[in-house]
Amino acid sequence: MNMPDEKALRHLNASLNLDSLWIPFTANRQFKAAPRLLVSAKDMYYQTQDGRKVLDGIAGLWAVNAGHCRAPIVEAIQKQAATMDYATGFQMHHPAAFQAAEKLASITPQGMNRVFFTNSGSEAVDTALKIALAYHRLRGEGTRRMLIGRERGYHGVGFGGISVGGMVGNRKTFGNMLGSVDHMRHTHDPVRNSFSRGQPEHGAELADDLERLVQLHDASNIAAVIVEPIAGSTGVLLPPKGYLQRLRSICDKYGILLIFDEVITGFGRTGKAFAAQTFGVTPDMMTCAKALTNAAVPMGGVVVKQGIYDTFMEKGGPDSAIEFYHGYTYSGHPLAAAAACASLDLFKEEKLFERVAELAPYWEEQAHSLKGLPHVIDIRTIGLIVGIELQPMADKPGTRAFEAFLRAYNKNVLIRTTGDTIAMSPPFIIEKAQIDQLFDTVRDVLKTLP
Ligand SMILES: Cc1ncc(COP(=O)(O)O)c(C=O)c1O
């Protein structure tokens, strides 16, 4: 690890002023009163500003799938930065972005092979929603303006994403958002499905909620449906067996585009490249980000079926016309593209997706061994993912799980919590002994929680 020495840390601690920065999705006042700062990282570990080595149980934020500061990725970024820092992507482009798109298209489900790059998952979601609207309009079905999301969905923080998303905390402050949006019911059913290993048995029929919305709005008005194959930010909610298949067939019946938001499930997390492959359902579009570059440089993307891209090329006007009025200054940024190429190569060389599939049964056993501990009301697992749901404290939702996070961090293990669910999703290079350390720490913490 490229670690700052003690003197450098002392200097950092003495000189750092926390006032200017407004930290995202964080209780700023609480944080600044007792800051938690990470200063370096290597493989499975972070180093903290107080000199501790912390095991990363969440791959940064479902993102550093190959482990931290991996040499081939670091070197690719350094080389690209010294060769060409930036080039506009509008009416010009550069080779690394094409190479990254080709490598990405080689691991996506069959037929999904055209890629639009963004800089984040939120931008990928908004881009996918815009592609859906533009696609129907080009095909002469411009009445299809409605976008359908799902309760408890998280699709980033752009206005499109929060509109189709279903997390009330992210929506309630921001007024009207996108006009033409509706939501299906979520699939979380702890009464019938608690302590499921992999996909829960019950709830395929919840996909019929889309039929209800078609009856209400009429298919001629609906452009697309967007879901996370596994909802992460509302607590690791797996799709019931048959649910995604049913959603796919209802979309097909009514000509509605199906979008999978694979921002956290992409790049091996479930044991195959994408959750679409794990669950055997191919959407029309997929959003991705995070592990696309192993999180080393921000990058997101939308992967679409070739037919969607071809529609833009065939119906988007004369050859000199811009077919899609959309893009970001940094779409396909050279450093991001170089990081993506190196990451996708590394995943393949080290067979990291296969490693997830190999480790998954051990992971599942360790996770479910927490059943019966105080406060645990559900455990949900797949691939290298676990959600451990705790009984909320009366009148203080989220407090018990956050306390677990703080206590685990003090015991040198980084976990994440969302509501009262502890979520873990480590880098794929994790060893069995480190899996033991993660779950043993959570076990110890659970025994002492208020
Ligand atoms: C499913 C899903 N979509 C979109 C996003 C937003 O990605 P970003 O934070 O890169 O904008 C996230 C982030 O966690 C996510 O989990």
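Look up: the structure comes first, before these words.
Residues numbered from 1 in each chain as written. Predicted model: local features only at pLDDT ≥ 70, side-chain atom pairs only at ≥ 80, totals over all residues.

Draft legend 1. Region of the structure containing the sheet that holds strand S10 (residues 300-305). The 7 strands are arranged S4-S10-S9-S8-S7-S5-S6 in an open sheet whose pairing can be described as mixed. Only two strands of the sheet have a single neighbouring strand rather than two, namely strand S4 (112-118) and strand S6 (181-184). Shown here is a sheet whose adjacent strand axes are inclined to one another by a mean of 25°, direction ignored. The pairing of strand S9 (residues 285-288) with S10 spans 4 bridges and is classified as antiparallel. Counted as the bridge partner of methionine 286 is valine 303 from S10. (Pairing = 2+ DSSP bridges. Helix = DSSP H or I, 4+ residues; strand = E, 2+ residues; numbered from the N terminus. Axes fitted to C-alpha atoms, helices over the stretch in contact; angles between N-to-C directions.)

Draft legend 2. Region of the structure containing the site of the ligand. Contacts to the ligand come from 14 residues, most closely from Ser120, Gly121, Ser122, Gly156 and Val263. The element best represented in the shell around the ligand is helix H6 (residues 121-138), accounting for 3 residues. Per-class residue counts for the shell around the ligand are 5 nonpolar, 7 polar and 2 charged. (Near = placed C-beta within 6 Å. Nonpolar A, V, L, I, M, F, W, Y, C, P; charged D, E, K, R; others polar.)

Draft legend 3. Examining the pairing of strand S7 (residues 222-227) more closely. Among the 6 residues in S7, 6 count as buried, and that is most of the element. Pairing analysis gives 4 bridges linking S7 to strand S8 (residues 257-261), with the strands arranged parallel. Looking across to S8, one finds that isoleucine 226 is bridged to isoleucine 259. Remark: the S7/helix H11 (residues 243-254)/S8 crossover connection has right-handed handedness. (Buried ≥ 20, exposed ≤ 12 C-beta atoms within 10 Å, placed from the backbone. Right-handed = clockwise from strand over helix to strand, strands pointing away.)

Draft legend 4. Molecular detail of the pairing of strand S15 (residues 421-424). Side chains Thr421 and Ala423 of S15 all project onto a buried face; the interleaved residues Ile422 and Met424 project onto the opposite face, where all are buried too. Bridging between strand S12 (residues 385-390) and S15 involves 4 bridges; their strand directions are antiparallel. Bridge pairing in S15 links valine 386 to methionine 424. As paired elements, strand S14 (residues 416-418) and S15 share 3 bridges and run antiparallel to each other. Residue pairing across strands places threonine 417 opposite isoleucine 422, the latter belonging to S15. Counted along the chain from S14 to the antiparallel partner S15, the turn is 2 residues long, and its residue glycine 419 has a positive phi close to 60°.

Structural measurements only, silent on function.
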